[in-house]
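Examination of the molecular architecture
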Amino acid sequence: MSRRRSIPWMHRWSRPLIAAIAGLGAITTAYLTVVKLTQGTAACPTQSCDLVLASDYATVFGLPLALFGFLAYTSMAVFALAPLAVNQAQNKELRSTLENWTWLLLLAGVIAMTVFSGYLIYLLVFQIQALCLYCIASAVFSLSLLVLTIIGRSWEDVGQIVFTAIVVGMVTLIGTLGVYANVNNPTDPSGVTAGQPATLEPSGAPIPGVGWPITTTSGESEIALARHLKEVGAKEYIAWWCPHCHEQKQLFGKEAYSLINHIECDPRGQNPRPDLCQAAKIEGFPTWEINDKLYPNVQSLENLANISGYKGPRNFKNFPDAF
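So, a few notes on the structure that sits alongside this text.

Quick look at the overall build of the chain now. For the chain, the count of helices and strands is 11 helices and six strands. Evaluated residue by residue, the chain yields a buried proportion of 41% over its 323 residues. Taking all contacts inside the chain whose residues are at least 6 apart in sequence as the whole, residues at least 24 apart take part in 75%. When the accessible area of the chain is evaluated, it comes to approximately 18,100 Å², of which 60% is carbon and sulfur surface.

Under the counting rule described, the total for this entry stands at two disulfides. The disulfide bridge from Cys44 ends at Cys49, spanning 2.3 Å between sulfur atoms. Taking the torsion about the sulfur-sulfur bond, which here is approximately 45 degrees, the covalent link between Cys44 and Cys49 counts as right-handed. Note on accessibility: Cys44 and Cys49 belong to one class, buried. Between the sulfur atoms of Cys265 and its disulfide partner Cys277 the distance amounts to 2.0 Å.

Moving on to the pattern of salt bridges. Under the defined criterion, the tally for this structure stands at four salt bridges. Arg95 is the salt-bridge partner of Glu99, the closest N and O atoms lying 3.1 Å from each other. With Glu99 and Arg95 both in helix α4 (residues 92-128), this residue pair falls four residues apart, about one helical turn. Of the residues examined, Glu99 reaches a relative accessible area of 26% and is grouped as partly exposed. Taking relative accessible area as the criterion, Arg95 reaches 13% and is therefore assigned buried. Its salt-bridge partner being Asp266, residue Arg268 comes within 3.2 Å of it at the nearest N-O pair.

Pairing in this open sheet of four strands is mixed, and the strands run β4-β3-β5-β6 from one edge to the other. Of all the strands in the sheet, just β4 (262-264) and β6 (293-296) have a single pairing partner and so form its edges. Each adjacent strand pair in this sheet contributes to an overall mean axis angle of 25 degrees, direction not counted.

Right, let's talk about the nonpolar core for a bit. In terms of nonpolar packing, the biggest core is built from 46 residues, with Leu225, Leu229, Phe252 and Leu304 touching the most fellow members. Counting residues per element, this core draws most heavily on helix α2 (residues 48-54), which supplies five residues. Apart from residues no more than four positions distant in its own chain, Phe252 is found in contact with Thr217, Ser218, Glu222, Leu225, Ala226, Leu229, Tyr257, Ile260, Trp288, Leu301 and Leu304. The next biggest cluster of nonpolar side chains, apart from the first, holds 23 residues, and it includes Tyr73, Ala77, Ile111 and Trp155.

This part covers unusual backbone geometry. Pro286 follows Phe285 through a cis peptide bond whose omega is -10 degrees. Counting through the fold element by element, Pro286 comes out in the loop between α10 (274-279) and β5 (287-290). For Lys281, which is not glycine, the phi torsion reads 60 degrees and is therefore positive. Within the element layout of this structure, Lys281 appears in the loop between α10 and β5. Exposure remark for Lys281: the relative accessible area of 65% places this residue in the exposed category. Phi is positive for Asp292, close to 65 degrees, though the residue is something other than glycine. When you line up the elements, Asp292 lands in the loop between β5 and β6. Relative accessible area serves as the criterion here: at 74%, Asp292 is assigned to the exposed category.

Calculation criteria
Residues numbered from 1 in each chain as written. Predicted model: local features only at pLDDT ≥ 70, side-chain atom pairs only at ≥ 80, totals over all residues. Heavy atoms only, no water. Helix = DSSP H or I, 4+ residues; strand = E, 2+ residues; numbered from the N terminus. Buried < 20%, exposed > 50% of the residue type's maximum accessible area, 1.4 Å probe, protein only. Contact = heavy atoms within 4.5 Å. Areas by Shrake-Rupley, 256 points an atom, 1.4 Å probe, with all protein chains shown as cover. Disulfide = S-S within 2.5 Å. Salt bridge = Lys/Arg side-chain N within 4 Å of Asp/Glu carboxyl O. Pairing = 2+ DSSP bridges. Axes fitted to C-alpha atoms, helices over the stretch in contact; angles between N-to-C directions. Core = buried A, V, L, I, M, F, W, Y, C linked by side-chain atoms within 4.5 Å.

Encoded structure:
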């Protein structure tokens, strides 16, 4: 009598494990997508996560990069669980077909995700120069999925794994380099094309302790408003790493913003006054204090003029994308 060969425990549990890790990745990237879309602040022990989310690398085709990560992790979870939804006793052929195809899809998917995650880690270290715990976690998730996919079944042809890895890896790397080709190569050093409005969002990594340089110029109205805000005692609470603070600076322009009474809340910034920020109970950046009332988030110059009682000219040069 021949004994039936037992199935290794890893082969029995590989798909649920893959689905569980993909689920964690989906939750992580969904959270980052919401933070990016709402312009919020990520829950992170350091400000590095916000620096990464604010960089040009965090947006692809006008959408948050985390959104594509969410779709990728969700797809991996679906591929892992799809065959388990089919009753093997009732439809053995369909179950077998689904298992074969989804293993190939899982293999191709996790190879692409691992290569892309590896490139993102390279960007973190050498380009953005910030340590994002969420990005590192995503890279660990991708690598774990790759390992589980390879050892989670008996691959009859090892060459299939190698061939898939080479083809998918090369396509992913070439595509990634193509997507990010122009991030650090703008057509104009100022980031402004002739005849077009200035870019308000930051580009690249901020200068430690200082932030991103202001690339917009000020008109007479911006300077007049800045002087008025100074006269009425208006204060702006900021953090050097905050991308939305930079957007506020861009609205005023370099000349006008130099007149603004801004208070640095991060102890690592220039001339920091975290004690004043704590006393004012500042919860987010930027936050304006005008006439003893707090106004959080980026404010349009028109709104600041109305709040502060400004009566001067209002032909402001720079406008935010949406207010």
